[in-house]
Amino acid sequence: MLYWIYLIRNLTRNIRRTLLTSAAVALPIVIFVLSTSVISALNSYLDNAAKQMRLIVTHKTSFINPLPSGYRYKIEALDPERKELTAVCGMHWLGGKVENDPRLLSTLAVDKDNLEACYPDYHFTQEEMDAWHRDRQAAILGPETAKQFGWKLGDRITITPSLPPYTPMEFHVISTAEHASDPVTSWIRLDYYFDALKEHGFHGDEWIGFFVIKCNSIAGLDHYRRAIDELFANYPDPTKTRDEKSFVNEFIAQQFNLPRNLAILASLTVFVAIMAAMNTMSMNIRDRINEVATMKSLGFSSRSVFVQILIESMMLCVSGGFVGALIPYGLFHWTPLGSMTIPVIQALDIPLLVCMKAVLIAVGIGILSALWPAWLGAKLNVVTALRYLE
Amino acid sequence: MFIGELQRYVTRLQNPNNVSFLIQKVCPMSLANISVHQVVKNYHKDRIEIPVLNGLDLTIPAGQFSVLMGPSGSGKSTLLHLIGGLDRPTSGTIQVGDFNLDRMSDSELTRWRSRHVGFIFQMYHLIPVLTAAENVELPLLLFSMSSHERKQRVATALQVVGLTDRMDHRPNQLSGGQEQRVAIARAIVTDPDVILADEPTGDLDAKTSEEILNLLNILNKEFGKTILLVTHDPRAAAHGQRILHLDKGILSQEKEAVCVT
Ligand SMILES: Nc1ncnc2c1ncn2[C@@H]1O[C@H](COP(=O)(O)OP(=O)(O)OP(=O)(O)O)[C@@H](O)[C@H]1O
Ligand SMILES: [Mg+2]
């Protein structure tokens, strides 16, 4: 007991130093917890994407360039019996805004007949699909989008697309895709959009943004990824086909290089924390050379001095780590921040496991930063130390 | 056994009719003869050898209160550190009780020190974040002992030095003399055979010094502790049964032992 009292009181000798060091450990831990949570959310999203065995076919040059609509039939012809290539669904990005609202929507016009076959993981109900086929103005909203704009089932909503014809279009909310893996993107019917284009004198139904293809097996996924690109290799508009996971991954990588940058950031800050804690522990021990010498003269071994300094440092860093893990955990679990939307991964979940890992990292910081001061303390020569102080 | 001894002593202290024990001579109970044989100690500084002790011989019978005097830099502290196992001689042997210090490994020496030697320094060297009682308890952490027994020992040791009422004070709330008493309590709480005191009164006024020296006398006479006291103060030296002079590596004796049986 006295041993622990001593260790704890050691930390209260210089409160300001202890607090500053704890903060220097807490901050990197906050960054670690946040970035690890983002990375793990991304990974689980990507893993889910991979499970669905979907291919995305875009223009080879850039996914902004459109493809001829007719490619659909050529792709379907690759597997006439539909054994491997279950469905081909054309999609066209519309973006869109609501009047007097700066927020940009993520809306895709999609091929009505192949959507369900491509997205069995969305588990649409029979009722929803009936409404989807019946109503040309049907819209399936991403659940997060519905929540943010306050749209409910049965609402009539008006969206102005970010592409021609740039005129407001009315939609009927028939679903808020409960099982969506991408809770932001909303779907409307491509035929309705093309009609709207024609109505306003635009041509355009011969071009389409990209195709989503549902495959039956990993082998099929692999085979058609190559087969499709080979098929269009000599066409004026060659294609680039990848599975959904690589597509999203590529997108994230191109946009932010997120996972890599976050990991680098987290490890850099942990390194800074080690330096800060090492500095503090060195100062602590230097301030107490006489006490270390006294403990040794009383019969405390070098090893026990080493361990004692190590434990002191761990307590210092773990207190920082605990606060650092608690801040993001508390913010995202107990405040409105938890429902904040973040691109791709949506609402950020801070897993308890990540927080526990973070505290372990704080323990590691404590050990690493104390090794040098602890070694100095352990090898301290009592006689020399006492002599300097007398 | 130690607690019993102290308890007996403390009861006597609290009984005003019984002060005679202060002059009463008690035969030594502890059996730690100190014998220093042909001890050489050289220090090295920038490859230059500084000889401090040059083939020193000294025997201190168990239970004796010896005083070591000598000019500054003559090697008094060095000798004390060697006898207490804080440092090792360049050559020669040191035997304390049954223990031959130069045959022990560093960790054996550390362990031996915790059980058999009590150090008292001029600067007290108390841990500032611990209370008086906690400071005294500190060396007991090296013993496997119930917390109850530890508390009891601490209480007894503090009673011996007369600081029971200050046990919850931190060192910065104590006077120099009180701090030194806490340091003495810390040195005796493990019931060591030998007490090594390096100028324990160097920082104290005459009256307080006298109190501290009386305390050392009690430890010697009542409990048979072998004491080696280093001091510059002739009045302090008068408390010893034997006064040794160390100068230029040579040891001479001024006052013969009074009580050895
Ligand atoms: N680590 C060391 N390195 C070099 N020389 C040392 C070292 N320790 C002690 N000495 C030298 O050894 C000699 C004896 O020192 P010591 O401290 O034992 O003397 P002392 O008799 O206790 O003196 P004082 O009365 O001033 O306390 C001194 O000359 C000192 O400079
Ligand atoms: Mg000295």
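Everything discussed here concerns the structure shown above.
Residues numbered from 1 in each chain as written. Chains lettered and ligands numbered in written order. Predicted model: local features only at pLDDT ≥ 70, side-chain atom pairs only at ≥ 80, totals over all residues. Heavy atoms only, no water.

S.K.: I'd love a proper account of the overall build of chain A, names of residues and values included.
M.R.: Helix and strand counts for chain A come out as 14 helices and eleven strands. A globule of 390 residues ought to have a C-alpha radius of gyration of about 21 Å, yet chain A, at 30 Å, is considerably larger. Dimensions along the principal axes, computed over C-alpha positions, put chain A at roughly 100 × 45 × 35 Å. Burial analysis of chain A (390 residues in total) assigns 50% to the buried set. Sequence separation of at least 24 residues holds for 77% of the intrachain contacts in chain A that already meet a minimum separation of 6. (Helix = DSSP H or I, 4+ residues; strand = E, 2+ residues; numbered from the N terminus. Rg over C-alpha atoms; globule rule 2.2 N^0.38 Å. Buried < 20%, exposed > 50% of the residue type's maximum accessible area, 1.4 Å probe, protein only. Contact = heavy atoms within 4.5 Å.)

S.K.: Any chance you could break down the interface of chain A and chain B for me, citing the residues and the numbers?
M.R.: Of the residues lining the interface, 23 residues belong to chain A; the matching set on chain B comes to 26 residues. Counting the contacts that link chain A with chain B gives one salt bridge. Counting across the chain A and chain B interface gives four residue pairs in polar contact (both at pLDDT 80 or more). Put simply, the parts of the chain that give the side of chain A that touches chain B at least two residues each are helix H1 (2–12), helix H11 (289–298) and helix H14 (382–389) of chain A. Of all the elements, H11 of chain A adds the most residues to the side of chain A that touches chain B, at seven residues. The residue inventory of the side of chain A that touches chain B, partitioned by class, reads eleven nonpolar, six polar and six charged. (Salt bridge = Lys/Arg side-chain N within 4 Å of Asp/Glu carboxyl O. Polar contact = N/O pair within 3.5 Å; in protein donor to acceptor, adjacent residues only side chain to side chain. Nonpolar A, V, L, I, M, F, W, Y, C, P; charged D, E, K, R; others polar.)

S.K.: Now, about the sheet that holds strand S4 (residues 91–96) of chain B: what can you tell me, with residues and values included?
M.R.: All names here are of chain B. The four strands lie next to each other as S2-S1-S4-S5, forming an open sheet whose pairing is antiparallel. Of all strands in the sheet, those bounded by a partner on one side alone are strand S2 (48–60) and strand S5 (99–100). Where S4 lies against S5, two bridges are found, and the strand directions are antiparallel. If you follow Gln95 over to S5, its bridge partner there is Asn100. (Pairing = 2+ DSSP bridges.)

S.K.: Residues and numbers for the site of ligand 1, please.
M.R.: Inspection of the region around ligand 1 gives 14 residues, with Arg387 of chain A together with Ser72, Lys76, Ser77 and Thr78 of chain B positioned closest. In this structure ligand 1 sits where residues from chains A and B come together. Between an oxygen atom of ligand 1 and a main-chain N or O atom of Gly73 of chain B, the distance comes to 2.8 Å. Considering every element that reaches the shell around ligand 1, the biggest residue donor is helix H2 (residues 76–83) of chain B, with three residues. Broken down by class, the residue content of the shell around ligand 1 amounts to four nonpolar, seven polar and three charged. (Near = heavy atom within 4 Å.)

S.K.: Can you explain the sheet that holds strand S5 (residues 138–140) of chain A? Please cite residues and give values.
M.R.: Paired through backbone hydrogen bonds, the strands of a sheet run either parallel or antiparallel to each other. Residues and elements named next belong to chain A. Taken in spatial order, the nine strands make up an open sheet running S6-S7-S5-S8-S4-S3-S10-S1-S11, and their pairing is mixed. Each of the sheet's edge strands pairs with one partner strand only, and the pair in question is strand S6 (156–159) and strand S11 (239–243). Mean inter-strand twist for the sheet, computed between neighbouring axes without regard to direction, equals 35°. Along the sheet face, helix H7 (residues 190–199) touches strand S3 (85–93), strand S4 (107–110), strand S7 (169–175) and strand S8 (186–189) and points at about 60° away from the line of S8. (Axes fitted to C-alpha atoms, helices over the stretch in contact; angles between N-to-C directions.)

S.K.: Describe the packing of helix H12 (residues 302–334) of chain A against helix H13 (residues 352–378) of chain A, with residues and values.
M.R.: All names here are of chain A. Where H12 contacts H13, the axes come no closer than 6 Å and their chain directions differ by 150°. Here H12 is positioned roughly antiparallel relative to H13, judged by the angle of their axes. Note that H12 runs across H13; the crossing there is right-handed. Taken together, the residues of the contact of H12 with H13 break down into 24 nonpolar, six polar and no charged. (Parallel < 35°, antiparallel > 145°, perpendicular 65-115°, else oblique. Left-handed = near helix turned anticlockwise from the far one by under 90°.)

S.K.: Go over the environment of Thr231 of chain B, please, and point to the residues and values.
M.R.: Residue and element names in this part refer to chain B. Relative to the assigned elements, Thr231 resides in the loop between strand S8 (226–230) and helix H8 (234–237). Between the alpha carbons of Thr231 and Pro71 there is a distance of 9.9 Å; along the sequence they are 160 residues apart. What Thr231 contacts, discounting residues up to four positions off in sequence, is Val67, Leu68, Met69, Glu199, Thr201, Ala236 and Ala237. Within the structure, the side chain of Thr231 is placed 3.0 Å from the backbone nitrogen of Asp233, a separation counted as a polar contact.

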